[in-house]
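Structure at a glance
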Amino acid sequence: VSTQSTGTKTWKKGRLRPSLENLGNTCFLNCVTQALSSVDSFYAWIQDILLAQHRESEAQRAETTPRSEVEISEELRKSAPMISALHEVLTTLQLPTDGTQSTSLNKVHRAMNEHGWDTLFTQEDAYEAFQVLITSIEREAHMLLKSDTNLQLTAPVQGKFLISLECTECRTESSKKIEPFDNITLHLSRKQNVSLMNLSFNSLRDMLHTYFSPETLSDVECEACSEKLGITTACDFKKQVKIAKAPKCLCIQINRTEYENGSMTKNNQHVSFP
């Protein structure tokens, strides 16, 4: 869910994006990469990192032995294999085709291996692929751009939660804290919101409403009540989660795994969304 327009390109009727080849158990990574290629803020983030690194290389080249553009590019591929490989793939995926062109994530997989993620044939889900990409890019960006304090290294998928605790008796807020997040994990309801022709549905709107609804925590010591009554007092507290800073692109994970009687099952309910 992008909070910024992605309409920077005009697609003619019948024109499609290039496809990604399945190199084995890579359908989840392909899916995530195709989705990210449609998010302008993500592509711009990768480009900003590369431009900042290029400026640093130019500055270093002026102070030391001159290096060619080819040498600088090769140095980047060695020092930031994930950023370099992903930028190349995303650029290719921006190009409209007639539907017959394809590319692969070979270089991205090699970059994963260099970061210690041996996931070519063991990758389990899209969420895992998403986390591997974001973690690897941020790791490389911080290593490349230590001296560039003006660049925003935070990924466009990252936002901040405001989490507060309030005593239901005295209405005193015992704590407020800010926590970063790069996705919101939602759970399917066992009781379906809509039933149509014996098919089960969950509404994304209702799932988000449930996620951000206040939660009651029982038997929590309240310092304000204890001080007022002169005795240690346990009360119910209301825990509230709000978005303090929205990401440019909100990523939502829907957890379909359920455990019942010690067995793991997959919830296949349909999710309706705007």
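Per-chain numbering applies: the sequence of each chain, read as written, is numbered from 1 onward. Selection of residues for local features in this predicted model requires a pLDDT of at least 70, selection of side-chain atom pairs for listing and counting requires 80 or more, and totals for whole chains, interfaces and linings are taken over all residues. Hydrogens are left out, water is left out, and the side-chain values use all remaining heavy atoms of the structure.

1. Some thoughts on the overall build of the protein
Here a strand is any run of E in DSSP of at least two residues, a helix any run of H or I of at least four, and the numbering for each starts at the N terminus. What the protein contains, in helices and strands, is eight helices and 13 strands. The buried share of the protein, taken over its 274 residues, is 36%. Throughout, a residue-residue contact means that at least one pair of heavy atoms, one from each residue, lies within 4.5 Å. Within the protein, counting contacts between residues at least 6 apart in sequence, those at least 24 apart form 68% of the total. Here the protein has roughly 16800 Å² of accessible surface; of this, 52% comes from carbon and sulfur atoms. Burial classes follow relative accessibility: with a 1.4 Å probe on protein chains only, a residue under 20% of its type's maximum area counts as buried, one over 50% as exposed, and anything between as partly exposed. Only the protein chains shown count as cover for residues, and the accessible areas themselves come from Shrake-Rupley with a 1.4 Å probe.

2. Observations regarding the pairing of strand β3 (residues 159-167)
Note on pairing: two strands pair once DSSP finds at least 2 bridges between them. Of the pairings in the sheet, the one linking β3 to strand β4 (residues 173-181) comprises eight bridges and is antiparallel in character. From the neighbouring strand, Gly 159 faces β4, where its bridge partner is Phe 181. Joining the antiparallel neighbours β3 and β4 is a turn of five residues, in which Arg 171 adopts a positive phi near 65 degrees. Relative to strand β9 (residues 234-245), β3 is paired through eight bridges, and the arrangement is antiparallel. By the bridge assignment for β9, Ile 163 is matched with Val 241.

3. Side note on the packing of helix α4 (residues 81-93) against helix α6 (residues 126-144)
The N-to-C vectors of α4 and α6 enclose an angle of 120 degrees; their axes lie 8 Å apart at closest approach. By the angle between their axes, α4 is oblique relative to α6. Here Pro 81, Met 82, Ile 83 and Leu 86 of α4 come into contact with α6, specifically with Leu 133, Ser 136, Ile 137, Glu 140, Ala 141 and Leu 144. Its residues assigned to classes, the contact of α4 with α6 shows eight nonpolar, one polar and one charged. Lines are fitted to the C-alpha atoms to define the axes, a helix being fitted only along its stretch in contact, and any angle between axes, read from their N-to-C directions, falls within 0 to 180 degrees. The cut-offs work like this: below 35 degrees is roughly parallel, past 145 is roughly antiparallel, 65 to 115 is roughly perpendicular, and the gaps in between are oblique. Lys, Arg, Asp and Glu make up the charged group, whereas Ala, Val, Leu, Ile, Met, Phe, Trp, Tyr, Cys and Pro make up the nonpolar group; the residues left over, Gly among them, are polar.

4. Focus: the packing of aromatic side chains
Think of it this way: a Phe, Tyr or Trp ring, Trp meaning its six-membered ring, pairs with another when their centres are within 6.5 Å, and the plane angle makes it stacked under 30 degrees, edge-to-face over 60, tilted otherwise. The final tally for this structure, using the stated rule, is five aromatic pairs. An angle of 15 degrees between the planes, with centres 4.0 Å apart, marks the rings of Phe 161 and Phe 181 as stacked. Taken together, the residues span a long stretch of sequence, with Phe 161 in strand β3 and Phe 181 in strand β4 at a distance of 20 residues. On the accessibility criterion, Phe 161 (6% relative accessible area) is buried. With a centroid separation of 6.3 Å and 40 degrees between ring planes, the pair formed by Phe 161 and Tyr 211 is classed as tilted. Taken together, the residues Phe 161 in strand β3 and Tyr 211 in helix α7 (residues 204-211) connect sequence positions 50 residues apart. An aromatic cluster of at least three residues, connected via ring pairs, comprises Phe 161, Phe 181, Tyr 211 and Phe 212.

5. Some remarks on the environment of Ser 203
Inspection of the secondary structure puts Ser 203 in strand β7 (residues 199-203). Under the relative-accessibility criterion, Ser 203 is labelled buried at 16%. Here a polar contact is taken to be a pair of N or O atoms separated by no more than 3.5 Å, where protein atoms must pair a possible hydrogen donor with a possible acceptor and residues adjacent in sequence count only if both atoms sit in side chains. Within the local environment of Ser 203, its side chain forms a polar contact with the backbone nitrogen of Arg 205, the two atoms lying 3.3 Å apart.

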